[in-house]
Structures are given as structure tokens and as C-alpha cells.
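Spelled out, the chains give:
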Amino acid sequence: MKDSLLLQEINRANYLKDNWHYKRYFFKDFNYKILQNAIVRKFNHYGKETYNDITMMIDTETSKKRKDYYKDVEHKDRNGKKWIEKVYVPADNHVVVWTLSIRLFDLDIATLYGRKPSELIECINLILEVLNGKYTLFYVHNLSFDYTYLRKFLFKAFGFPVEQLNVKSHYPIQIKFENGLILKDSLILAQRTLEKWAEDMGAKALKQTGKWDYDKIRNQDDDLSEDELTYAEYDTLSGTQCIDITKKQLKKQLGNMPYTATGILRDELKKLAAENKAKLLFNKIVPDFNDYMFMVSFFHGGYVHGNKEYLESNLLKGVQGYDFASSYIFCLLCCKYPMTKFRSLEKKIDFEYIIRNSEDHAFMFTARFHDIKLKDENFPMPVLQFSKCKTVNDVTDNGRILAAQFLELNTNEIDLKLIRKYYTWDEEHSIVFNVKTAKKDYLPKWFREHLYKLFIDKTKLKFVDYVLYMIQKGKLNAGYGLSVQRMDKLMFLELFEDVIDTDKDGNVIEYHEGMYKLDKSIPPEEVYLKNIKKRSVFLPYQWGCWTTSLALEHLFELGSCCKLWLYSDTDSVYGIGWNKALIAKLNRKYRSMSEKAGFGAICQLDEDYNYMRKYWLGIAETSIKDKYSEFKYMGAKRYCGRCKADGKLHLTVAGVPKSAVKCLDDDLKNFKKDFVFDGKKTGKKTHNYLFVDDIYIDENGNETADSVDLSPCDYKLDVVEYHSLEEYEKRVDYVTIPFYTNEGWVSVGY
């Protein structure tokens with residue numbers, strides 16, 4: 001059977017090479033019979049369902065119905081002061097042109113186009129009529145956007161979807177209809193814009209940036225210029241080429257392409273997991289639902305914080321950044337993790353017992369502290385995260401705790417070591433309870449060796465095959481992501497009619513057609529128990545939890561190597577006065593950990609600097625690109641500096657494109673509180689989802705239905721509030737707080 005399909009594919013591919021040439025067509029002028037050359041395949045080795053092996057991508061270009069309109073809205077503060085603010089008024093949008101590109105056997109066949117959504121439905125039907133497989137896949141780059149414009153036209157022609165995969169509101173990954181049409185998002189697979197994806201994949205057809213004026217008002221009957229048609233054409237043409245390149249590099253068929261970037265690595269690991277009986281280990285150590293939720297409660301992301309003493313300081317000089325090479329991957333390969341099932345400890349346990357045994361045993365527990373505060377008032381980077389704690393009379397610094405009269409949190413032994421190092425507390429009235437422990441060891445050899453192979457491939461391919469380098473880099477980064485995927489996560493349901501529901505507190509919520517709500521038909525515990533039984537789930541959640549804790553420990557080790565620690569983001573430290581001897585000592589420690597775990601350095605020619613270089617996992621590195629002649633930060637994910645390498649300002653502000661640095665006019669002094677990054681200059685847009693009762697024709701003859709109104713979104717720079725330990729020391733409103741001991745609940749009065 002396989003030989004027969006291969007022969008068909010070769011013969012049909014040769015026929016198309018000799019008899020067909022790519023062209024852009026108005027959809028009614030295309031000869032759809034040529035698509036009968038598509039091979040019909042099964043989705044997997046055992047399945048009976050078939051699909052048409054033809055690569056296609058859909059895209060829409062849209063227009064506003066009018067120029068942007070703002071209305072004056074009066075505001076009044078608590079003191080009665082009034083002011084006027086101009087507020088944008090959203091309006092319905094409509095499709096002005098759509099394209100659908102087609103590839104067969106690695107050949108560009110055609111790009112079809114039309115002007116109205118109903119024409120796209122007609123085109124899809126013409127394609128489905130000539131294909132023989134049950135299902136036909138169409139990729140859409142950023143499906144959530146285009147689907148909004150098309151949904152009512154799809155429903156009218158094909159009925160409501162029979163199956164959807166929605167990971168969050170207004171974010172469908174795949175949508176399936178009764179007639180076999182499948183819409184699949186490519187953005188979540190690529191994890192980058194179409195323009196960047198085409199560049200990274202080496203596509204021949206690159207996005208035609210600059211040929212489409214997004215501010216121009218267009219109607220569906222207006223003539224389009226050749227530049228405008230080319231712009232629309234190349235969006236989907238480059239997309240289909242990217243899909244085929246990715247498919248080839250992954251050695252996949254269209255029918256078994258992963259949904260997401262993380263799924264690429266999962267598919268690779270599934271085979272290795274089966275060969276190494278990974279599910280047996282998983283079943284032995286997987287936490288029950290209560291333990292799993294306990295871990296969820298103390299799982300934390302990367303450490304992002306700025307030194308409050310130098311917040312808003314203008315033009316800090318001599319700032320240099322160090323970061324770790326593949327920090328999370330280093331932890332997974334070279335550190336020890338809980339490798340047995342967690343069991344309860346009945347005997348009385350204290351803080352020192354946990355720290356003393358932390359080398360060979362993992363612990364998770366609840367810690368309750370009284371009168372906890374930083375040992376050093378001048379230490380700029382507090383460890384404790386306010387959102388993870390229950391507190392009374394706390395003093396915080398941008399979400400990090402400086403002190404509290406009472407503090408309780410769920411945590412593990414790695415984080416406790418950092419808390420012990422940097423905080424002091426009332427030992428007599430502070431306890432740990434609900435203690436569970438597991439033995440530590442390295443993660444399974446097959447898993448670590450595969451990640452290390454990806455690290456080798458990524459390193460060696462950087463200057464050899466950039467396309468494969470980017471794919472291997474994405475897979476390596478997914479190694480950590482796979483270990484922290486929530487297994488109790490509920491899916492979202494798209495609503496096709498108005499619904500009235502209640503929240504957990506009994507409050508009435510009105511959902512309107514087009515909105516999304518959580519599917520609560522299955523309780524989270526049932527979802528969890530169902531998911532952990534799947535053969536495709538073989539990495540226990542605790543490994544991801546311990547990874548972030550280990551990475552945090554390493555980050556604080558790096559931060560201690562500079563005289564003035566200014567700012568950190570996950571795996572990087574920006575500071576002044578670096579002690580190179582301490583960094584060298586730290587890197588020797590990490591290299592030793594790598595060698596002990598069985599992973600050495602990778603020797604590779606660095607073409608940027610033209611010398612043979614040793615690449616180590618987990619070591620702290622810096623370069624000329626990490627040195628700044630001036631630097632300033634306003635809080636977490638809000639910093640800017642002038643790089644010595646190119647003399648230019650480089651900006652990082654969450655929610656603002658890096659290109660917005662041009663708004664500062666090359667002057668770092670402009671990076672200050674209340675500075676506004678103009679949305680018209682930065683290109684930052686806000687989404688307004690607009691849903692109508694039914695398809696209608698507007699006054700200009702445009703077919704219109706649901707739409708997304710994009711409007712320029714300004715970003716006003718603010719600065720975090722911070723406090724000092726002096727505030728805590730001056731407080732006199734101490735209260736009586738109950739706390740739990742092995743003898744039961746008691747109260748402590750101050």
C-alpha cells in the first residue's frame with residue numbers, strides 16, 4: 001500500500017512539474033480539477049479516517065468602514081476635579097480581499113483570491129468537491145482574527161462546528177465542521193509572525209511589507225492595485241511554503257503535524273518514552289490530584305525584579321548583563337529531582353531538618369512565619385512573591401515581600417534555602433506542616449540525552465543550516481514547557497447563542513453569542529485523572545516545578561557576583577561592578593555539575609568572532625552586546641539602555657513593540673514616568689470584538705458580519721510603588737494570629 005502511494009505521488013509530482021506553472025487566479029478562473037492529483041492518506045497508522053494531502057492557507061485583508069472616531073468623555077476624581085478624555089469608538093469592519101494558496105508535492109500550484117467572504121465559502125466548496133478524502137485542512141496564521149470575520153458565513157454554509165480546540169477565549173487552535181473542513185492555526189505552531197517565520201524558514205516567497213496601507217478605507221467593489229494584490233497573495237504563499245518546509249524538517253505528513261511548537265518535541269519524545277517504559281515510572285510517581293494542586297499553588301515563573309533604590313535613576317553608567325546558557329535545560333540535565341512518589345512525614349519537622357536533608361530529598365510543605373523580614377535592609381532583590389503568600393501586615397516592593405507580621409505559603413526545599421539565606425523570623429512561633437518528601441535523583445537518562453542532543457544540534461547548526469537551527473532551538477526550549485503543562489486545564493466553549501450562567505459565588509453572568517466560556521461539564525479532578533492516563537503524558541508536573549526553583553537558586557548565585565545588582569529577568573542579571581573571579585568560580589561549579597551528570601562542552605566555530613569556542617550548558621555569559629553606556633529601569637519588564645556595541649537605545653517594555661524605542665528620540669531621559677508610547681507610531685493595537693445579529697450589506701455594498709476592530713493603543717509608562725522596612729518597624733497595630741502546631745491550633749499575641 002505504501003509503495004503504491006509513493007509511486008502515485010512520484011508520477012503525479014512529475015506530471016505537475018512538467019505541465020503546471022504557478023499563477024495567481026481570481027477564484028472562478030481556476031481549474032480545480034488539477035487538485036484531484038492530491039494523495040488521500042490516513043491520519044495515522046491505525047486510524048481509518050482519511051484526509052487530502054494538500055497544503056493550503058487562507059488569509060483575509062480587512063478595512064474599517066470609517067476613519068477612526070473619538071468621543072469626549074468627562075471624568076471626575078474623588079476630589080471633584082474634572083477632565084476630558086478622548087475615547088476611541090469601535091466600529092464594524094469588513095473583508096476587502098481574501099487569498100487561498102495551494103501547494104502539492106512541494107510545488108506552488110496557485111493563489112486564489114476573491115473580494116467577499118461568501119466568495120471564499122464558494123471557493124472552499126469548489127475545492128472540497130474535487131477532493132476524495134474525508135477531511136481537508138486549511139491553515140490560517142492567527143486563526144482567531146480571520147475566523148471572527150468568517151464565522152457567520154461558515155455557519156450559514158456548513159452549520160456550527162462539530163469540534164473545537166480552544167485553549168483560551170478567542171483563541172481557537174483547530175475548528176472542524178461536519179463536511180470535513182478543518183481550520184488550523186499556524187501561529188501557535190510557528191510562535192512568530194508570518195514575516196519572521198518566512199525569514200527563519202528560508203521561504204522563497206517573503207511577506208511584501210509596505211505594499212498595503214492599513215489606514216486606507218476600502219470597499220469590496222473597489223479596484224485593488226497590483227501592489228495590494230501581491231501583498232495579499234504573498235501572505236498565504238509564504239505561509240504554505242513555511243508549512244511544507246517545517247513538515248519536511250520534522251519528517252511529518254500533513255495529517256500528523258503537531259498543533260503547537262511544544263507538540264513538535266512531544267511527538268519526538270513519545271517514541272523514546274515508549275521504548276524506555278517511561279509511563280511505568282510516571283505511574284509510580286505521578287501525584288494524586290490534591291498533591292498536584294498543592295504543587296500548582298507554589299509553582300512560580302521566572303524572577304523579574306528591579307532594585308528599588310535605583311528605580312528611575314537616570315543614566316546609570318557601566319551596566320553589564322550576564323545570562324545563563326539554556327538555564328532551564330541545564331537544570332533538567334544536571335540537577336537532581338524528586339524521583340519517587342511523595343509520602344507524608346508524620347514526625348515533627350522543622351526548617352533546619354528540611355534544609356539539612358535537601359541534597360538527597362525533595363520536600364513540599366506549608367511554611368508559616370511570624371515576624372519575617374529581610375536580614376539586610378539594603379538587599380535589593382527580595383525572594384518572597386506576594387501573590388503566592390497569605391500575609392498580615394506586610395510591606396512589599398513591587399510584588400515582593402520585605403516583611404510581614406504573619407506569612408504563610410506552600411513551597412519546597414529549594415525555595416526554602418533562599419528564604420533562610422535572606423530572611424529572618426521569629427523561630428519560636430514559626431513552623432512547617434503538611435510535609436511530604438521524595439528521594440532525589442537525576443531525571444531519566446533517555447530524556448536528558450535527547451535534550452542534550454538537541455543542544456548539540458542547535459549549537460552546531462547555527463552557522464550551517466539556519467532553518468534546522470531554528471527548529472532545533474524551538475524544540476530545545478520546549479523541553480521545559482512540556483514538564484509544566486497543566487493537566488487539569490478546562491477547555492473554552494465558543495457560544496453560538498446568548499447564555500445566562502452563574503459564577504462560583506452564584507452571581508449571574510450574561511454571555512453573548514460569539515463569546516467564550518469555560519466548559520465546566522467535567523470537574524477539574526476528572527480532567528486531571530483522565531489526562532494522566534494518556535500514553536502521551538509521561539513527564540510529571542513536579543519536574544517543572546523544581547526546575548523553576550533550581551533556576552531561581554542559580555539566578556541568586558549569579559546576582560551575588562556583582563557589587564550592585566540592578567535588575568533581573570528569569571535567567572539574566574544586570575549589574576555594576578562584576579567580580580570576574582566569582583563568576584569564573586561559579587562557572588567552574590556549573591561545568592563540574594555538567595561533567596558529573598555526563599554532559600561535556602560542544603566545540604564549534606563561532607563565525608561571529610571567528611574562533612573555536614566551547615559551548616557549555618548553564619554557564620553565565622556576557623558579550624559586548626550586554627554592555628551599556630547608560631541604563632534605566634522603571635520596574636518589572638520596563639527597562640531601556642544604550643548598547644555599547646552599536647550605540648543605540650534598546651527597549652524592553654511588556655506590551656510595547658521593541659521598535660517603539662524610536663519614540664524616545666534617542667534620549668534616555670525621555671524614558672520616564674507618564675511618557676506615552678504613541679500607538680500610531682509603535683503599531684501597537686487593541687482588539688475590539690464586534691458581533692452582529694446576522695450578515696448584512698452596508699451602504700457601500702460590503703458583505704459584513706462579525707469583525708475585529710483594531711485601533712492604535714497608547715502605552716503610558718508608569719513606575720512601581722515601593723516601600724521600606726522602616727514602615728514595618730513603625731507599625732504598632734500588631735494582632736493576635738492563630739497558627740497550627742502538631743498539638744493543634746494556638747494563638748500568638750503581640
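Read on for an overview of the structure. Residue positions are counted from 1 within each chain, in the order its sequence is given. Only residues with pLDDT of 70 or above have their local features reported here, since the model is predicted, and side-chain atom pairs are shown and tallied only from 80 upward, although totals for entire chains, interfaces and linings are computed over all residues. Each side-chain value is worked out from all heavy atoms of the structure, with water and hydrogens disregarded.

Section: the packing of aromatic side chains
- We call Phe, Tyr and Trp rings a pair once their centres come within 6.5 Å, taking the six-membered ring for Trp, and we label the pair stacked below 30 degrees between planes, edge-to-face above 60, and tilted otherwise. Per the stated rule, a full pass over the model turns up 57 aromatic pairs.
- Grouping aromatic residues by their ring pairs yields a cluster made of Tyr 567, Tyr 574, Tyr 628, Phe 631, Tyr 633 and Tyr 639.
- Across the ring face of Trp 212, the terminal group of Arg 218 is positioned such that the distance to the ring centre comes to 3.8 Å.
- Whether a charge lies above a ring is judged from NZ of Lys or CZ of Arg, which has to be within 6 Å of the ring centre and within 35 degrees of the ring normal. When the ring centre of Trp 616 is taken as reference, the NZ or CZ atom of Arg 591 above it lies at 6.0 Å.

Here's the deal with the pairing of strand β2 (residues 39-42)
- Exposure categories follow from relative accessible area, calculated using a 1.4 Å probe and restricted to protein chains: below 20% of the type maximum is buried, above 50% is exposed, and the middle band is partly exposed. Working definition: helices are DSSP H or I runs of at least four residues, strands are E runs of at least two. Numbering for both runs from the N terminus. Burial along β2 is one-sided: the face carrying Ile 39 and Arg 41 is buried and the face carrying Val 40 and Lys 42 is not.
- Pairing analysis gives 4 bridges linking β2 to strand β3 (residues 50-53), with the strands arranged antiparallel. The partner of Ile 39 across the bridge, within β3, is Asp 53. Strands were regarded as paired on the criterion that DSSP finds at least two bridges between them.

Here we look at the pairing of strand β38 (residues 707-712)
- Counted residue by residue, β38 has 5 buried out of 6 residues, so it is predominantly covered.
- In terms of strand pairing, strand β35 (residues 685-690) meets β38 through 6 bridges, oriented antiparallel. Pairing of Asn 688 across the sheet is with Asp 709, part of β38.

Let's talk about the packing of helix α10 (residues 327-334) against helix α16 (residues 542-559)
- The geometry of α10 relative to α16 is characterised by a closest axis approach of 9 Å and an angle of 110 degrees between their N-to-C directions. Classified by the angle their axes make, α10 and α16 are roughly perpendicular. In this structure, α10 meets α16 at a crossing whose hand is right-handed. For the pair α10 and α16, contact is made by Ser 327, Tyr 328, Phe 330, Cys 331 and Leu 332 and by Thr 547, Thr 548, Leu 550, Ala 551 and His 554, respectively.
- Tallied by class, the residues present in the contact of α10 with α16 amount to 6 nonpolar, 4 polar and no charged. The axes used here are C-alpha line fits, helices contributing only the stretch in contact, and every angle between their N-to-C directions lies in the interval 0 to 180 degrees. For classification purposes, angles smaller than 35 degrees are called roughly parallel, those larger than 145 roughly antiparallel, those between 65 and 115 roughly perpendicular, and all remaining angles oblique. Each crossing gets its hand from how the near helix is turned against the far one by less than a right angle, where anticlockwise is left-handed and clockwise is right-handed. It only takes one pair of heavy atoms within 4.5 Å for two residues to be counted as in contact. In the scheme used here, Gly and all other residues not listed as nonpolar or charged are polar, with Ala, Val, Leu, Ile, Met, Phe, Trp, Tyr, Cys and Pro taken as nonpolar and Asp, Glu, Lys and Arg as charged.

Brief notes about the sheet that holds strand β12 (residues 181-185)
- In space, the 8 strands of this open sheet follow the order β1-β8-β7-β4-β9-β12-β11-β10, with mixed pairing throughout. The sheet terminates laterally at β1 (23-26) and β10 (163-168), the two strands that pair on one side only. Across the sheet, the mean angle from the axis of one strand to that of its neighbour is 25 degrees, orientation sign disregarded.
- With 2 bridges connecting them, strand β4 (residues 55-64) and strand β9 (residues 136-140) associate as parallel partners. Each residue of the ladder has a partner; that of Met 57, found in β9, is Tyr 139.
- Where helix α2 (residues 117-130) meets the sheet, it contacts β1, β4, β7 (93-104), β8 (107-114), β9 and β12, and its direction lies at approximately 20 degrees from that of β7.

Topic: empty space enclosed by the protein
- Using only the protein atoms, space was sampled on a 1 Å grid; points where a 1.4 Å probe fits but cannot get out form cavities, open sets with protein on both sides within 12 Å along at least five of seven lines form pockets, and lining residues are those with an atom within 4 Å of a point. Grid points are joined across faces, edges and corners, and a volume is the space filled by probe spheres set on the points. If you walk through the whole model with that rule in mind, you get 6 cavities of 30 Å³ or more.
- Forming the boundary of the largest cavity are 20 residues, of which His 300, Val 383, Gln 385, Asp 415 and Leu 552 lie nearest the centre.
- Of all the secondary structure elements, the ones that give two or more residues to the lining of the largest cavity are β19 (400-412), α12 (413-422) and α16.
- Broken down by element, the residue count for the lining of the largest cavity peaks at 4 residues, all from β19.
- Partitioning the lining of the largest cavity into residue classes produces 9 nonpolar, 8 polar and 3 charged.
- In this model, the second largest cavity occupies a volume close to 50 Å³.
- Contributing to the lining of the second largest cavity are Ser 144, Tyr 147, Thr 148, Arg 151, His 170, Pro 172, Glu 494, Gly 514, Tyr 516, Tyr 689 and Phe 691.
- The leading source of residues in the lining of the second largest cavity is helix α3 (residues 143-158), at 4 residues.
- The residue makeup of the lining of the second largest cavity, split by class, is 5 nonpolar, 4 polar and 2 charged.

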